[in-house]
Amino acid sequence: MSEPESLRGSSARNRGGVQRVEGKLRASVEKGDYYEAHQMYRTLFFRYMSQAKHAEARELMYNGALLFFSHNQQNSAADLSMLVLEVFEKSEVKVEDELLECLAKLFSRMEPNSPERVAFVSRALKWSTGGPGKLGHPKLHQLLAVTLWKEQNYSESRYHFLHSSDGEGCAQMLVEYSASRGFRSEVDMFVAQAVLQFLCLKNKNGASVVFSTYTEKHPSIEKGPPFVQPLLNFIWFLLLAVDGGKLTVFTVLCEQYQPSLKRDPMYNEYLDRIGQVFFGVPPKQSPSYGGLLGNLLNSLMGSGEEEDGAEEAQEDSSPIELD
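A brief structural summary.

Criteria and cut-off values
- Residues numbered from 1 in each chain as written.
- Predicted model: local features only at pLDDT ≥ 70, side-chain atom pairs only at ≥ 80, totals over all residues.
- Heavy atoms only, no water.
- Helix = DSSP H or I, 4+ residues; strand = E, 2+ residues; numbered from the N terminus.
- Contact = heavy atoms within 4.5 Å.
- Areas by Shrake-Rupley, 256 points an atom, 1.4 Å probe, with all protein chains shown as cover.
- Axes fitted to C-alpha atoms, helices over the stretch in contact; angles between N-to-C directions.
- Parallel < 35°, antiparallel > 145°, perpendicular 65-115°, else oblique.
- Nonpolar A, V, L, I, M, F, W, Y, C, P; charged D, E, K, R; others polar.
- Salt bridge = Lys/Arg side-chain N within 4 Å of Asp/Glu carboxyl O.
- Buried < 20%, exposed > 50% of the residue type's maximum accessible area, 1.4 Å probe, protein only.
- Polar contact = N/O pair within 3.5 Å; in protein donor to acceptor, adjacent residues only side chain to side chain.
- Core = buried A, V, L, I, M, F, W, Y, C linked by side-chain atoms within 4.5 Å.
- Left-handed = near helix turned anticlockwise from the far one by under 90°.
- Patch = residues over 30% accessible without salt bridge, like charges linked within 9 Å, V, L, I, M, F, W, Y side chains within 5 Å.
- Lys, Arg positive; Asp, Glu negative; His and termini not counted.
- Charge placed at Lys NZ, Arg CZ, Asp CG, Glu CD.
- Phe/Tyr/Trp six-rings, centres within 6.5 Å; stacked < 30°, edge-to-face > 60°.
- Lys NZ or Arg CZ within 6 Å of the ring centre and 35° of its normal.

Brief notes about the overall build of the protein
(1) Moving on: When helices and strands are counted, the protein shows 16 helices and zero strands.
(2) Moving on: Looking at the protein alone, contacts between residues at least 24 apart form 63% of all its contacts between residues at least 6 apart.
(3) Moving on: Entry remark: accessible area of the protein is about 16,300 Å², with carbon and sulfur atoms responsible for 51%.

Observations regarding the packing of helix α13 (residues 247-256) against helix α15 (residues 266-279)
A pair of packed helices is characterised by two quantities: the angle between their axes and the separation of those axes.
(1) Moving on: The geometry of α13 relative to α15 is characterised by a closest axis approach of 11 Å and an angle of 170 degrees between their N-to-C directions. With respect to each other, α13 and α15 are oriented roughly antiparallel. Across the interface between the two elements, L247, F250 and C254 from α13 touch L271, I274, G275 and F279 from α15.
(2) Moving on: Its residues placed into classes, the contact of α13 with α15 shows six nonpolar, one polar and no charged.

Some details on the pattern of salt bridges
Any two side chains of opposite charge can pair, given that their charged atoms come close.
(1) Moving on: Evaluation of the coordinates by the stated rule reveals seven salt bridges.
(2) Moving on: Taking the shortest distance from any N to any O, the salt bridge between D272 and K284 comes out at 2.9 Å. One end of the pair, D272, is in helix α15; the other, K284, is in the loop between α15 and α16 (291-301), with twelve residues separating them in the sequence.
(3) Moving on: Its relative accessible area of 47% is what places K284 among the partly exposed residues.

Some details on the side chain of S114
(1) Moving on: Mapped onto the elements, S114 comes out in the loop between α5 (97-109) and α6 (115-128).
(2) Moving on: Separated by 3.0 Å, the side chain of S114 and the backbone oxygen of E111 make a polar contact.

Observations concerning the nonpolar core
(1) Moving on: Grouped together as the largest cluster of nonpolar side chains are 50 residues, with contacts concentrated most on V195, L199, Y214, F234, L238, L271 and I274.
(2) Moving on: Element by element, the count of residues in this core is highest for helix α10 (residues 187-200), at eleven residues.
(3) Moving on: A37, V84, L100 and L103 belong to the second largest nonpolar core, which has 44 residues in total.

Here's the deal with the packing of helix α9 (residues 167-181) against α10
(1) Moving on: At a minimum axis distance of 9 Å, the contact between α9 and α10 shows a crossing angle of 150 degrees. The pairing of α9 with α10 is recorded here as roughly antiparallel in orientation. As for the relative orientation of α9 and α10, their crossing is right-handed in sense. The residues of α10 that touch α9, namely those facing C170, L174, Y177 and S178, are V187, F190, A194 and F198.

Describing the environment of E116
(1) Moving on: With respect to the helices, strands and loops of the structure, E116 is situated in helix α6.
(2) Moving on: Assessed through its relative accessible area of 33%, E116 is described here as partly exposed.
(3) Moving on: Spatially, the C-alpha atom of E116 lies 8.3 Å from that of D79, the residues being 37 residues apart in sequence.
(4) Moving on: Filtering out sequence-adjacent residues up to four positions away, E116 remains in contact with N75, A78, M82 and M110.

So, a negative patch on the surface
(1) Moving on: Judged by side-chain charge, E96, D97, E98 and E101 come together as a negatively charged surface patch.
(2) Moving on: Looking at the secondary structure, you find E98 in helix α5.

Focus: the packing of aromatic side chains
(1) Moving on: In this structure the tally under the stated criterion is eleven aromatic pairs.
(2) Moving on: When the ring of Y41 is compared with that of F68, the centres are 5.8 Å apart and the planes differ by 65 degrees; the resulting orientation is edge-to-face. With a gap of 27 residues between them, Y41 in helix α2 (residues 34-50) and F68 in helix α3 (residues 54-70) connect regions that are remote in the sequence.
(3) Moving on: Take Y41: its relative accessible area is 2%, and that puts it in the buried class.
(4) Moving on: Given a relative accessible area of 0%, F68 falls into the buried group.
(5) Moving on: An angle of 55 degrees between the planes, with centres 5.6 Å apart, marks the rings of F234 and Y257 as tilted. Pair noted here: F234 is in helix α12 (residues 230-244) and Y257 is in the loop between α13 and α14 (258-261), with a separation of 23 residues, a long-range link.
(6) Moving on: What makes Y257 buried here is its relative accessible area of 18%.
(7) Moving on: Members of the aromatic cluster, each reached through a chain of ring pairs, are F234, W236, F237 and Y257.
(8) Moving on: Across from the ring centre of F107, 3.8 Å away, lies the NZ or CZ of R117, which sits over that ring.

Printed below as a string of structure tokens:
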């Protein structure tokens, strides 16, 4: 027998062994012996890990977590979900879409406001940083954003969309957010904030896609440009100015639209950063805002400077508080 055939045979035997073990554990859970089953899962986890059977450990913990979730055993399920992450970390497995989708599925089954979910997503994002993005892989952010959107947790969904590459999905979420939670007079402000934040994160493409999709799909926005709302016209001109890179155009634009920009005190702070990133404006010696507002802005912008470039759209970023 050749070596590849031997390996395939070994893999098949291991898979059969995992299936037999899973069958026994499933029967135990179905009978309601949750504690005993949970302890057995953990025992098997450490046994597999000590034998470097990472794939078997991962499969067993993942299926076990889903089984406990289906029986509303949140604590046991969350614990096994953490063990899935531990396998990823210790086996140094490559970050791939399939694994990110597994993590997102576990996340979607956790209680929305549970401490376990917060701990899980923080650790998952940290692990996924093996790929692009200092704050986690853009694909994982996108999957988390969609789950939170379905839960109508629009604020948290927006955070994750900002660190993803899905400008279109972000726009569609914002349309729903605006329609269900906002006033008609604020339809322009929902997209303005998102565009400015995308630009602060050096993501020009995301900013453009969010703006075009939102203005096309929002039922309360008349077809443009130009638009009825001055703030939307400002954002439209701003995106053109960013492409052109001329400081004089940017400066005049900000001056002309000050009445609209005064609607939110953060707009000019975002624009200060955009001026630094895209137009070479030197940073201010001291921030205009202190305390909580200043900290919020700094958390969005990041404290360090990096070279501009498409590759950094997701990289030059730091944790962001949106509300």
